[in-house]
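Below, each chain spelled out in residue letters.
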Amino acid sequence: MLSITHASKTFYAGTPNERRALCDVTLELATGDFVTIIGSNGAGKSTLLNVIAGSLPLDAGAVVIDGTDVTRQPEFRRAGLIARVFQDPSAGTAPHLSIEQNLAVALDRGHAHTLFPGLTRARREQFRAELATLELGLEDRMKHRVGLLSGGQRQALSLLMASFTRPHVLLLDEHTAALDPERAELVLRLTAQVIAEHHLTALMVTHNMDHALRLGNRLVMMHEGRIIRTLDGAEKAKAHVSDLLDMFADAKGTLSDRSLLV
């Protein structure tokens, strides 16, 4: 489904500020894989999502989605294949539009449409049914502006919008980091539910190792632009946070960055 091969990305090349964000990264995801990605600050986690989404070009390597090489395609060309939920709850929605208008835009993402997508009776019924699955009462507030919602409500809405068109790849970039613990747990529960129900292929970047262990069927650990460890299946299921800390320390050769992963 998703193939990243020998991906490399360097910022400020040839200057004193040169930084290699990705160093020959190769990662393969099968359909339905849910991969969580952890690592210290600057490990390359978000850069990896950015090159998959097309918001950053690769210096070398390739990105293939469902057999289509999208390496040189700009971000808007990949919109029909990829959906993304960002850390900032306001990033994935238009605050001045209503809930139903945001959903209509999401439904038409990646397709040609008129100046503004239509809000037919059938669409409103579809939106009401989809919103009801969030169990937040938003199905009764469809005409309310999204800017009036709480951060957790907006993030739940962003997740629903991202899954609307059944994307080939769903990217989750620390999408609970800005939420309080209660709302974060709600969004994580909805994340697992949406991915399982629609059999989506997903990558989730997180600094929370407990979340990384609880969600998904695979775990990838990154450091300094490289994948330094992967856990699959039973190995991931029986791992604990302390095990991840030890793995990171072993791979890095020092304990100095443990606090950055927690």
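Parameters and conventions
Residues numbered from 1 in each chain as written. Predicted model: local features only at pLDDT ≥ 70, side-chain atom pairs only at ≥ 80, totals over all residues. Heavy atoms only, no water. Helix = DSSP H or I, 4+ residues; strand = E, 2+ residues; numbered from the N terminus. Rg over C-alpha atoms; globule rule 2.2 N^0.38 Å. Buried < 20%, exposed > 50% of the residue type's maximum accessible area, 1.4 Å probe, protein only. Contact = heavy atoms within 4.5 Å. Areas by Shrake-Rupley, 256 points an atom, 1.4 Å probe, with all protein chains shown as cover. Lys, Arg positive; Asp, Glu negative; His and termini not counted. Charge placed at Lys NZ, Arg CZ, Asp CG, Glu CD. Core = buried A, V, L, I, M, F, W, Y, C linked by side-chain atoms within 4.5 Å. Phe/Tyr/Trp six-rings, centres within 6.5 Å; stacked < 30°, edge-to-face > 60°.

Visitor: I'm lost on the overall build of the protein chain in this one. Help?
Guide: When helices and strands are counted, the protein chain shows 9 helices and 10 strands. Against the globule reference of 18 Å for 262 residues, the protein chain gives a C-alpha radius of gyration of 19 Å, in line with a compact fold. A principal-axis box enclosing the C-alpha atoms of the protein chain has dimensions of 60 × 40 × 35 Å. Looking at the protein chain as a whole, 50% of its 262 residues are labelled buried. Considering only intrachain contacts with a sequence separation of at least 6, the fraction spanning at least 24 residues in the protein chain is 67%. When the accessible area of the protein chain is evaluated, it comes to approximately 12,000 Å², of which 51% is carbon and sulfur surface. Averaging the locations of the 28 positively and 30 negatively charged side chains of the protein chain gives two centres separated by 5 Å.

Visitor: Got a minute to help me understand the nonpolar core in this structure?
Guide: Looking at soluble globular proteins, one finds that nonpolar side chains tend to be buried together. Ile 99, Leu 103, Leu 131, Leu 134, Leu 157, Leu 170 and Leu 172 are the most contacted members of the largest nonpolar core, which has 34 residues in total. Those elements giving two or more residues to this core turn out to be strand S6 (82-85), helix H2 (99-107), helix H3 (121-132), helix H4 (151-163), strand S7 (169-173), helix H5 (181-198) and strand S8 (202-205). Here the element with the most residues in this core is H4; it accounts for 6 residues. The contacts of Leu 103, once residues within four sequence positions are left out, are Phe 127, Leu 131, Leu 157, Leu 160, Met 161 and Phe 164. Residues Ile 4, Val 25, Ile 52 and Leu 58 belong to the second largest nonpolar core, which totals 30 residues.

Visitor: Would you take a moment to explain the packing of aromatic side chains for this structure?
Guide: Following the criterion strictly, the structure yields 1 aromatic pair and no others. Considering the side-chain rings of Phe 127 and Phe 164, the 5.7 Å spacing of their centres and the 25° angle between planes classify their relative orientation as stacked. Of this pair, Phe 127 sits in helix H3 while Phe 164 sits in the loop between H4 and S7, placing them 37 residues apart in sequence.

Visitor: Explain the environment of Ala 237 here, please?
Guide: As for its placement among the helices and strands, Ala 237 is situated in helix H7 (residues 233-237). Judged by relative accessible area, Ala 237 falls into the exposed class, the value being 68%. Ala 237 sits 71 residues away from Arg 166 along the chain, and the two C-alpha atoms are 27 Å apart.

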